[in-house]
Amino acid sequence: ELKVEQNPLFLSMQEGKNYTIYCNYSTTSDRLYWYRQDPGKSLESLFVLLSNGAVKQEGRLMASLDTKARLSTLHITAAVHDLSATYFCAVDGGGADGLTFGKGTHLIIQP
Amino acid sequence: KAGVTQTPRYLIKTRGQQVTLSCSPISGHRSVSWYQQTPGQGLQFLFEYFSETQRNKGNFPGRFSGRQFSNSRSEMNVSTLELGDSALYLCASSRGQGWQETQYFGPGTRLLVL
């Protein structure tokens, strides 16, 4: 059974700082996804990572995938309050089970 | 371009009843995926449909079923509702199958089972 672990689960940080959210998974996969969810809202797709070494950037967010280490990172640069949200990673295990999600990282950015 | 729409947005049912939720994807998108979100279990994948065929199914009992129509609209049905089925049900559409492209999510249907 594929397991996806995110850490930290809760993160409070100040504006202007850098930080990284980690997503580890338990079986071989080269397909990993990052999503954002604002309180009471639906999900927004952030990044689709489809190969080892994939790196994608959008604004202050950058995601990377290391399939050998079974690890993806979501790096936040010079955080701003608008990035406060819950961030989820999800992995496609390649079987018929579809996507497996992490528990989410609840990020609060203080002015 | 219209986004993904889901109906109804809110629903209250009682145990033992059944419910049908609807999802209209973005025009031109042929893949629809469904997800359940609860405080206890988090986000869980339900099904993926592409061109009217179920491509993937999550680990849910047979009470959960779905289908996709020729216009790519999708429905999911939950029979014999249980209290634990109370959740936010999200659908997402994308152009291709297998989540290789960006998914666009609807606002969700919030189901409460009493």
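Residues numbered from 1 in each chain as written. Chains lettered and ligands numbered in written order. Predicted model: local features only at pLDDT ≥ 70, side-chain atom pairs only at ≥ 80, totals over all residues. Heavy atoms only, no water.

K.L.:
With reference to specific residues and values, describe the overall build of chain A.
P.N.:
When helices and strands are counted, chain A shows zero helices and 11 strands. Its helices and strands taken in sequence order, chain A reads β-β-β-β-β-β-β-β-β-β-β from the N to the C terminus. Over its C-alpha trace chain A gives a radius of gyration of 13 Å, about what one expects of a compact globule, namely 13 Å for 111 residues. Overall, chain A is about 45 × 30 × 20 Å in size when its C-alpha atoms are taken along their principal axes. (Helix = DSSP H or I, 4+ residues; strand = E, 2+ residues; numbered from the N terminus. Rg over C-alpha atoms; globule rule 2.2 N^0.38 Å.)

K.L.:
Give a description of the interface of chain B and chain A that names residues and reports values.
P.N.:
Taken together, the contact pairs 18 residues of chain B with 17 residues of chain A. Across the chain B to chain A interface the summed buried area is about 1,500 Å²; carbon plus sulfur atoms make up 56%. Area buried by chain B at its contact with chain A is led by Leu43, Trp99 and Phe105 of chain B, which between them contribute 37% of it. Viewed at the interface, chain A and chain B are joined by zero salt bridges. The interface formed by chain B and chain A includes three residue pairs in polar contact (both at pLDDT 80 or more). Those elements giving two or more residues to the side of chain B that touches chain A turn out to be β4 (31-38), β5 (42-50), β6 (53-57) and β9 (87-94) of chain B. Classifying every residue of the side of chain B that touches chain A by side-chain character gives eight nonpolar, eight polar and two charged. (Contact = heavy atoms within 4.5 Å. Buried area = accessible area lost by both parts, 1.4 Å probe. Salt bridge = Lys/Arg side-chain N within 4 Å of Asp/Glu carboxyl O. Polar contact = N/O pair within 3.5 Å; in protein donor to acceptor, adjacent residues only side chain to side chain. Nonpolar A, V, L, I, M, F, W, Y, C, P; charged D, E, K, R; others polar.)

K.L.:
Could you give me a rundown of the pairing of β5 of chain B, with the residues and numbers involved?
P.N.:
For a regular strand, side-chain orientation follows a simple rule: the groups alternate between the two sheet faces. Residues and elements named next belong to chain B. Most of β5 is tucked away: seven of the nine residues are buried. What sits between β4 and β5 in their antiparallel hairpin is a turn of three residues. Bridge count for β5 against β6 is four bridges, and the pairing is antiparallel. In the strand pairing of β6, Phe50 is matched with Thr53. With antiparallel pairing between neighbouring strands as the criterion, β5 and β6 make up a hairpin whose turn holds two residues, including Ser51 at a positive phi of roughly 50°. (Buried < 20%, exposed > 50% of the residue type's maximum accessible area, 1.4 Å probe, protein only. Pairing = 2+ DSSP bridges.)

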